[in-house]
Amino acid sequence: MFAAAFLAMFFAAIIMMACGGLIETGVRTAVPPLQTASADVVVAGDQQYHDAGGDPDEPPILPERVRVDAALVDTIAALPGVRETEGFVFEGAPPAGKIDAVGVVAEPGVDLAGLEQRIDAELDAGAVTLVGDERGQAELRGAQASGVTVMALAGVFTAFAILVSVFGVASMLALSITQRQQDLGLLRAVGATPRQIRRLISRETLLLSLVATAAAVVPGQLVGRLVFDLLADQGIAAEGLAFRQGWVPTVAAMAVAVVAALAGALGAGRRAAQIKPAQALTEVSVDGRLIGRGRLLLAGVVLVAGIALTVVTTSVMSGPLTPATGAPAVILLAIGASLLAPVLMKGATFLVQWPVRALGGVTGELAVLNARGRGGRMAAALAPVILLTAVSTGMLYMQTTNDVADRRGFTDNLLADAVVSVPTGVDPGLVRAVSTVPGVAGASAYASSTGFIEAPADSSPANEGWTLQGVTAEGAEATTPVDVTAGSLSTLHGDTLALGDQHAARLGVGVGDVVTLRMGDGTTLDLRVAALFSAQEDDDTLLLPVDTLAARTTEGVSTRILVTGDPGTTSEQLVSNLAAMIPAGEGLAVEGRDVLFAEYDEQKRTASFAIYVMVLMIAGYAAITVVNTLASSMTARRREFGLQRLAGATRVQVMRMVGLEGALVSVSGIALGTAAALAILVPVSLKRLDSVVPAGSPAMFVGITAWTIVLTLAAMLLPAWRVTRGRPAEAALAVE
């Protein structure tokens, strides 16, 4: 029993430590410098937007490179303690008078903290000083955004992991203490008080948890680095971002694991410490109350929270934001159903008792009697199976459903039938020339970025900014999926913009009014509203003249032209006509709309990869809990199996009985776990796909089901085979 409890705490600590390392990596955002390695201090643009109006400790990251004044090279060079300064340009072509960063070499013996303060005094709000491993952030523009992504993923994953791990540890400890009921009863019979029993259990668990968490330190760091490397390979963690895991997340993970173990031990040992000695001795092989009031109350609270998140997911969240509340709802519903396992086990046994008896004969009768008489232990085996099935099914099909819905929305919003790529930058004359090609209904240069509306005061979705799309005024209506309701897109020239009519109504602006926009490079523009349009409910796009937007991007130019064909022109014909007019040898390329789908699918695949890693780790821990719980339960039944064999049952009949019990547990757990997952999947699917059936391959569910059945049967049959190898008489004298 102690070994099983140790393993539960050991693997829980590994997961929490791995998550802690990822969170510290995101917080530190350490990027060892390359080009600026010789500089003691680096001055760069502040990529954080501090006036977004959200959490000041988590400001959004601007997507374009924020540059600094080139004059800072001479200004900083004149400061005391500065030996040398150098200006750097890492990417793109900065506007006149701008550079990407300033490297500062201090004179020997100069206090760097004091020098940094003197430099800060010369900077405006759009520039920051970087030292140590922060210096590399100036070179790697996406480092901070990548760090925020890794930290956010790890934070969400940590919350899920804590919920699942705490439940797994508590369940294992509850089973362990239940199986020691005779020992505890003997202690009560010889005079031990309830307080002494509680202290015994607490100290045993504390010692065990300290050893388990200490043993998990090195594996936890290795798992954290492995997950980080997987994220880096997929581009989720920026190349150059360094993995960091110090003592803080390690100690925090150990503390959480120890507290979770103590809470589980105290809860499980409460009944054992309070019952009367004689009662304890008679309950070694008999279950008492079906479910405690505390567990029933906790299950109710967890299920209500899961249902509340389901309602929020289907009524408030939209588009890509749906998993933000949908994924926690899956976890809570799974845990709630697992907490009700004693009640659900009784119901499942009642429903399947007749087919089990009919198919199994005498062994079937024994399996049913064991399930009914040992409902507590069977429920302990059922709970992790429910958790494994619900988490795996719910999280995976939640992701595939949202992927399909998002791609459908992308398809509906994509009007372009062909793409002309111009690596050196789109010339307005080329756009006009493309517009005259036979079969072309409209053409528009394209650029994209993210921005924030500062005036009138506004809040963007999830405080992450509005999508900015640059268009050519003359071809905008043909290449954008909007219906103009006021003004005209043909007037999108200079400092103008077009926005959704509902968005404009919330801001209280109309055609001709001025909106102040913070661009992706940190600059601000006062833009006049040229048009209003209606779009889909979750559309968050603002349209700007392509030249105005492209000048505020890191590249500084637009490199693509989106082309829409006439109704009678096929995509292949359109590409052929465009290719015929493209000048040879100038680096231009014409491709069909499939290139846009391929890019979108690659982005979604990268974003979804983190979710699949999360599901794999949580489901993996749930699988470990299944094996641990079932193997422990089977090992503790050695005496029972010995008595059955002395009463005339053969070893084969005992194994058949265990197999039928395993089938009962696995089928019931799969059915109940699937029902818990469907409680959130069906509403989400109805909202996003107008379908009761979630999107995703049926083979995925078949695989989850097959894996759960094999895992459950193996975890029960293999230990049962091992404990029935000896003589029945010896086994019958064993102590449970």
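Parameters at a glance
- Residues numbered from 1 in each chain as written.
- Predicted model: local features only at pLDDT ≥ 70, side-chain atom pairs only at ≥ 80, totals over all residues.
- Heavy atoms only, no water.
- Helix = DSSP H or I, 4+ residues; strand = E, 2+ residues; numbered from the N terminus.
- Expected span 1.5 Å × (residues − 1).
- Buried < 20%, exposed > 50% of the residue type's maximum accessible area, 1.4 Å probe, protein only.
- Arc of directions from axis to C-beta.
- Salt bridge = Lys/Arg side-chain N within 4 Å of Asp/Glu carboxyl O.
- Pairing = 2+ DSSP bridges.

Looking now at helix H8 (residues 217-233). Given a rise of 1.5 Å per residue, 17 residues ought to cover 24 Å, and the 24 Å separating the end C-alpha atoms of H8 matches this to within 8%. Turning to H8, its buried residues number three or more, namely Gly220, Gly224, Val227, Phe228 and Leu231. For H8, the arc enclosing every buried residue in end-on projection is 100°, short of the 170-degree limit, so these residues lie on one face. Exposed side chains of H8 directed beyond 90 degrees from the buried face belong to Val218, Leu222, Leu226 and Asp233. Looking one or two residues beyond H8, the residue adopting positive phi is Gly235, at roughly 85°.

With that settled, consider the environment of Met378. Structurally, Met378 can be placed in helix H14 (residues 375-413). Considering only alpha carbons, one finds Met378 and Val665, 287 residues apart in sequence, at a separation of 7.4 Å.

Next up on the list: the pattern of salt bridges. Considering all chains together, one arrives at 12 salt bridges under this definition. Arg244 is paired through a salt bridge with Asp133; the nearest N and O atoms lie 2.9 Å apart. Within this pair, whereas Arg244 is found in the loop between H8 and helix H9 (247-274), its partner Asp133 is found in the loop between strand E6 (127-130) and helix H4 (136-139), the two being separated by 111 residues in sequence. Accessibility expressed as a relative area gives 27% for Arg244, which makes it partly exposed. Looking at Asp133, the relative accessible area reads 30%, which means it is partly exposed. Two residues, Arg688 and Asp406, come together in a salt bridge whose shortest N-O distance is 2.9 Å. Linking Arg688 in helix H22 (residues 651-689) with Asp406 in helix H14, this pair joins segments that are 282 residues apart in sequence. Asp406 matches Arg688 in its accessibility class, with the two residues each being buried. Here the residues in one salt-bridge network are Arg65, Arg67, Glu91, Asp100 and Arg141, joined through shared partners.

Bridge count for strand E10 (residues 483-487) against strand E13 (residues 524-534) is 4 bridges, and the pairing is antiparallel. Looking across to E13, one finds that Asp483 is bridged to Ser534. Bridging between strand E11 (residues 496-500) and E13 involves 5 bridges; their strand directions are parallel. Pairing of Ala498 across the sheet is with Ala531, part of E13. Pairing of strand E12 (residues 514-518) with E13, which is carried by 5 bridges, proceeds in the antiparallel orientation. From the neighbouring strand, Val515 faces E13, where its bridge partner is Leu527. What sits between the antiparallel neighbours E12 and E13 is a turn of 5 residues, in which Gly522 has the positive phi angle 95°.

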